[in-house]
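Remarks on the overall topology
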Amino acid sequence: MNSYRRSSLACIAIFCLPLSSLAIELQVRYCDTARKSEVITVEYTDNDSVLDQRFIDHFGAPLAHFKAANNYRNTHDDVCSALPKNTKSYVMGNAQAIHIDRLPFQVESVIPEVLSDIQKEFLQAENVRQWSQQWNMHNHIGVGVAAEGAWAQLRFTGLNKTYVAVIDSGVTEFMPEDLQGRLEMSQPYYFYVNDQDKVDVIASVIDTDLMQGPHGTVVAGVIAAQGPRVTGVAGDVDEIMVLPVKVFGHVGGAKTEAITMAIEWAAGIYSEDMASIAQLQPNQTPTKVINLSLGISRVGKDGMVAATENNWKNVVLPSLCSAYRESINKVNALGVTVVISAGNYGQPVWNSIPAGCPNINAIVVEATNNNGIKADYSNYAVNDWPLQSLVLAAPGGEDAELDLSKGIISPGFCMTSTLGVYCRYFYLEGTSFSAPHVAGIAAMIYALKPDADVSYVKAKLSQSTWGNNVINAQEAVRQTVVAEQSNDAQFDGAGGGNSTGIAVAAGAGALASALALILFM
């Protein structure tokens, strides 16, 4: 409990902090990874801050605590991150639910003759009822991510099992069949901060807050749903699975220290801090891609600014970004790519954390609408705030509340009633749902090249966009296949054989023939 040595002050509308010192508790992580993190108490004097309850409600701690955290980190070389206790993040996205009953599937009445045989087979057999509404997956130049073209190429290659972590609100207990079988559920963990201010876990990822929409389920669906009604960007690739990791509970926000530990655990790290948690075991299915459709914004949910630009850039952002940078650096070292939603307030990306952190090595994803234009709500990169992260765009939908077909459709949850079983699917909009498009495509690269590092994945993705920076899955897969074929040819030309490389089943000629079948629509 923080103790304040108070002096007598009078203020109107807000409560002024005393000019004397404060005893503040900080969550500290050391640069020496062999040292356990700890909560320490520091003395800090701040003559400027005011106790703004709105700031506290939004960020989880007073401004003075963020100042103390930055001061402590900047004056201790052995400390890589220092956080005020109880700092928060939130999910990023909006959803409109529709009811779809379990009627017999209806095949599209007209299948264009220009489609390849592979694409016709997909439409006829796997995803017929809602495929026409999945503009985000189509090969429309600058609009969809050309998922069909990627799937067609991947059928000619040997793929490696690849896991994508969705660190979010968990998944629904009963979900439409589109997503069943695509989730790795052998180690379900909910990371949270307990009453003793320690990160703890519960062995469950069931999302119990369905009144806000099953956010984690629909993000997972954008990555890996496999029909019959909805198919995700990697949904046609059996070797790509989603590992759901829960960090959001009933209270509307997740604590930063729980999120950062979940990031590290998902990548296969098992630190001394983790080993001290009774129920938490090492991850047996380490992920190569981590999707973070979450963050904290300078703008509150009510649209009002919760921190001045100066306080945000110089106090809040450095403190929180230090924690994300520490965890993301660790997973980057293991070859793991982190994908982050840009945020939903139509502001420069520096208004959102972790997307706007300038010194993390991730992929930040802006949202576009069904015309390939940046959605009005999407945060965006700006030249005067350079990022180390790669910035891409992907479909996020827009105006779904007015026209559902303009949203991103994904599986939701199923329920029983006196009329039988019915399932809800969601039409979505938000950068929460643009990010998993890129996460799924990054997983395709890893499925082809499991030893890829983050720079390799970023390079292939940056070379695989339409002219408007919207990601193109077909081109990302082509770039990777061609690069690996070239590497194999060079290796063979040197007199060696590659027993661990990509197995291209039909050879370069057959692959070229397959690519020739794929036409943009």
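Since the model is a prediction, treat every value here as computed from it, not as a measurement.

About the criteria used
- Residues numbered from 1 in each chain as written.
- Predicted model: local features only at pLDDT ≥ 70, side-chain atom pairs only at ≥ 80, totals over all residues.
- Heavy atoms only, no water.
- Buried < 20%, exposed > 50% of the residue type's maximum accessible area, 1.4 Å probe, protein only.
- Helix = DSSP H or I, 4+ residues; strand = E, 2+ residues; numbered from the N terminus.
- Pairing = 2+ DSSP bridges.
- Salt bridge = Lys/Arg side-chain N within 4 Å of Asp/Glu carboxyl O.
- Core = buried A, V, L, I, M, F, W, Y, C linked by side-chain atoms within 4.5 Å.
- Contact = heavy atoms within 4.5 Å.
- Phe/Tyr/Trp six-rings, centres within 6.5 Å; stacked < 30°, edge-to-face > 60°.
- pLDDT = per-residue confidence, 0-100.
- Patch = residues over 30% accessible without salt bridge, like charges linked within 9 Å, V, L, I, M, F, W, Y side chains within 5 Å.
- Areas by Shrake-Rupley, 256 points an atom, 1.4 Å probe, with all protein chains shown as cover.
- Lys, Arg positive; Asp, Glu negative; His and termini not counted.
- Charge placed at Lys NZ, Arg CZ, Asp CG, Glu CD.
- Axes fitted to C-alpha atoms, helices over the stretch in contact; angles between N-to-C directions.
- Parallel < 35°, antiparallel > 145°, perpendicular 65-115°, else oblique.
- Left-handed = near helix turned anticlockwise from the far one by under 90°.

Let us now look at the pairing of strand β11 (residues 199-202). Only one face of β11 is covered, namely the one carrying V199 and V201; the face carrying D200 and I202 has none of its residues buried. With four bridges joining them, strand β10 (residues 190-193) and β11 adopt antiparallel strand pairing. In the sheet register, V193 faces β11, and the bridge partner there is V199. Turn length for the β10-β11 hairpin, with the two strands adjacent in sequence and antiparallel, is five residues, and the turn residue D197 shows positive phi of about 60 degrees.

Taken as a whole, this structure holds 13 salt bridges when the rule is applied. R29 is the salt-bridge partner of E264, the closest N and O atoms lying 2.3 Å from each other. You can see E264 sitting in helix α6 (residues 256-266) and its partner R29 sitting in strand β3 (residues 22-30), a full 235 residues away along the chain. Neither E264 nor R29 differs from the other in exposure class; each is buried. Here D78 ties to R35 by a salt bridge, and the two come within 3.1 Å at their closest N and O atoms. Of the two residues, D78 is situated in the loop between α2 (63-74) and β6 (79-84) and R35 in the loop between β3 and β4 (38-44); the sequence distance between them amounts to 43 residues. Relative accessible area serves as the criterion here: at 35%, D78 is assigned to the partly exposed category. Accessibility expressed as a relative area gives 38% for R35, which makes it partly exposed. Within this structure, R29, E264, E326 and K330 form a network of salt bridges that share partners.

Counting residues in hydrophobic clusters, the biggest one holds 67 residues, and the most contacted among them are V438, M444 and L461. The biggest single contributor to this core is helix α9 (residues 431-448), with 12 residues. Those residues within four positions of V438 in sequence are excluded, and the remaining contacts are V339, I363, V365, L392, A394, L461 and I471. With 62 residues, the next largest nonpolar core counts V201, F248, A307 and C357 among its residues.

This brings us to the packing of aromatic side chains. Within the structure shown, the criterion is met by 10 aromatic pairs. Ring centres of F191 and W265 lie 5.9 Å apart, and the angle between their planes is 50 degrees; on these two criteria the pair is classed as tilted. Taken as a pair, F191 in strand β10 and W265 in helix α6 lie far apart in primary sequence, 74 residues in all. With relative accessibility at 0%, the residue W265 sits in the buried group. Taken together, a centroid distance of 6.4 Å and an interplanar angle of 50 degrees make the contact between W350 and W385 tilted. Taken together, the residues span a long stretch of sequence, with W350 in the loop between β16 (337-341) and β17 (352-353) and W385 in the loop between β18 (363-368) and β19 (390-395) at a distance of 35 residues. W350 gets classed as buried once you look at its relative accessible area, which sits at 8%. Taking relative accessible area as the criterion, W385 reaches 16% and is therefore assigned buried. An aromatic cluster of three or more residues is present, and its members are F55, F59, F66 and W312.

Most of α6 is tucked away, with 11 of its 11 residues classed as buried. Turning to α6, its buried residues are T256, E257, A258, I259, T260, M261, A262, I263, E264, W265 and A266. Downstream of α6 by a residue or two, G268 has a phi angle that is positive, lying close to 105 degrees.

Let us now look at the confidence of the model for the protein chain. Detailed reading of the predicted coordinates is not advisable wherever pLDDT falls low. When pLDDT is averaged along the protein chain, the result is 82, and 80% of the positions lie at 70 or above. Segment residues 118-126 is flagged for pLDDT under 50; beyond a separation of four residues in sequence, or across chains, it makes 27 contacts in the model. The low-confidence segment residues 494-521 (pLDDT under 50) makes 46 contacts with residues lying over four places distant or belonging to another chain.

Another point: a negative patch on the surface. A cluster of acidic residues, D376, D399, E401 and D403, forms a negative patch on the protein surface. Relative accessible area serves as the criterion here: at 31%, D403 is assigned to the partly exposed category.

Look at α2 against helix α8 (residues 309-332): their axes get within 9 Å of each other, and the N-to-C directions meet at 60 degrees. When the interaxial angle is binned, α2 and α8 end up oblique. In this structure, α2 crosses over α8, and the sense of that crossing is left-handed. When α2 is examined against α8, the residues L63, F66, K67, A69, N70 and R73 are found in contact with a partner set consisting of N311, N314, V315, V316, P318, S319, L320 and S322.

Running from N to C, α6 and α8 cross one another at 10 degrees; their axes reach a closest spacing of 9 Å. For the element pair α6 / α8, the angle class is roughly parallel. Taken together, the residues of α8 that come into contact with α6 (itself represented by T256, I259, T260, I263 and E264) are L320, A323, Y324, S327, K330 and V331.

This brings us to helix α4 (residues 147-154). α4 sits mainly inside the fold: eight of its eight residues count as buried. Taken together, the buried positions of α4 are A147, E148, G149, A150, W151, A152, Q153 and L154.

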